[in-house]
Amino acid sequence: FSINVLSAQQEHLSKIYSNLRTDDEISNHAQYWEAHKTGVPIIVDSHLNFFCVLTYCQELKNATIVFAKVSEIIKNNSESPLVYFERKYFGLKGIT
């Protein structure tokens, strides 16, 4: 699986994906995804893509904790990652 850190220019994607609930809704926005050489889907032009191998899952009453080993990291050409803090979006220039 992958973990994608959005770039500051992708605030619109955060807003889109944070409101999707069904597989059909997610597939309607497939233009933002592509398959990595491993076949794992990634968000195009993210600040960072982490490729992970699942090592363990812990089921709790209302959540699942996922543990994984990072197998690869791709740093893309964005200047800044997207941060959401205190109900606001902003970028962190100079963070690599």
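Colleague: In this structure, what is going on with the state of the cysteines? I would like to understand it.
Modeller: Joining two cysteines, a disulfide is a covalent bond between their sulfur atoms. Counted according to the given criterion, the structure contains zero disulfides. Of the cysteine sulfurs around cysteine 52, a residue in no disulfide, the closest is that of cysteine 57, at 12 Å. Residue classification places cysteine 52 among the buried residues on the basis of a relative accessible area of 8%.

Colleague: Any chance you could explain the nonpolar core here in plain terms?
Modeller: Side chains of a nonpolar character, in soluble globular proteins, are inclined to be buried together. Grouped together as the largest cluster of nonpolar side chains are five residues: Leu6, Leu13, Tyr17, Ile43 and Leu82. Aside from chain neighbours lying at most four places away, what touches leucine 13 is Leu6, Tyr32 and Ile43.

Colleague: It is not clear to me how a nonpolar patch on the surface should be interpreted in this structure. Could you clarify?
Modeller: Together, Phe1, Ile3, Leu54 and Val66 give the surface a local cluster of nonpolar side chains, amounting to about 350 Å² of exposed area. By the element assignment, leucine 54 lies in strand S4 (residues 48-59). Overall, the relative accessible area of 47% leaves leucine 54 in the partly exposed class.

Colleague: Looking at this model, I keep getting lost on the sheet that holds S4. Mind explaining?
Modeller: Within a sheet, adjacent strands bond to each other through the backbone by hydrogen bonds, running parallel or antiparallel. Pairing is antiparallel across the open sheet formed by three strands, whose spatial order is S1-S4-S5. Both edges of this open sheet fall to strand S1 (2-5) and strand S5 (64-75), since each of them pairs with a single strand only. Between one strand axis and the next, the sheet turns by 35° as a mean value, whatever way the strands run. Strand direction decides the pairing type here: S1 and S4, joined by four bridges, are antiparallel. Its bridge partner lying in S4, isoleucine 3 is registered against phenylalanine 50.

Colleague: Would you take a moment to explain the packing of aromatic side chains for this structure?
Modeller: Working definition: an aromatic ring pair is given by the centre-to-centre distance plus the angle between the planes. The full count for this structure, using the stated rule, is two aromatic pairs. Ring centres of tyrosine 56 and phenylalanine 67 lie 5.8 Å apart, and the angle between their planes is 40°; on these two criteria the pair is classed as tilted. Pair noted here: tyrosine 56 is in strand S4 and phenylalanine 67 is in strand S5, with a separation of 11 residues, a long-range link. With a centroid separation of 4.8 Å and 55° between ring planes, the pair formed by tyrosine 84 and tyrosine 89 is classed as tilted. Taking relative accessible area as the criterion, tyrosine 89 reaches 22% and is therefore assigned partly exposed.

Criteria and thresholds
Residues numbered from 1 in each chain as written. Predicted model: local features only at pLDDT ≥ 70, side-chain atom pairs only at ≥ 80, totals over all residues. Heavy atoms only, no water. Disulfide = S-S within 2.5 Å. Buried < 20%, exposed > 50% of the residue type's maximum accessible area, 1.4 Å probe, protein only. Core = buried A, V, L, I, M, F, W, Y, C linked by side-chain atoms within 4.5 Å. Contact = heavy atoms within 4.5 Å. Patch = residues over 30% accessible without salt bridge, like charges linked within 9 Å, V, L, I, M, F, W, Y side chains within 5 Å. Areas by Shrake-Rupley, 256 points an atom, 1.4 Å probe, with all protein chains shown as cover. Salt bridge = Lys/Arg side-chain N within 4 Å of Asp/Glu carboxyl O. Helix = DSSP H or I, 4+ residues; strand = E, 2+ residues; numbered from the N terminus. Pairing = 2+ DSSP bridges. Axes fitted to C-alpha atoms, helices over the stretch in contact; angles between N-to-C directions. Phe/Tyr/Trp six-rings, centres within 6.5 Å; stacked < 30°, edge-to-face > 60°.

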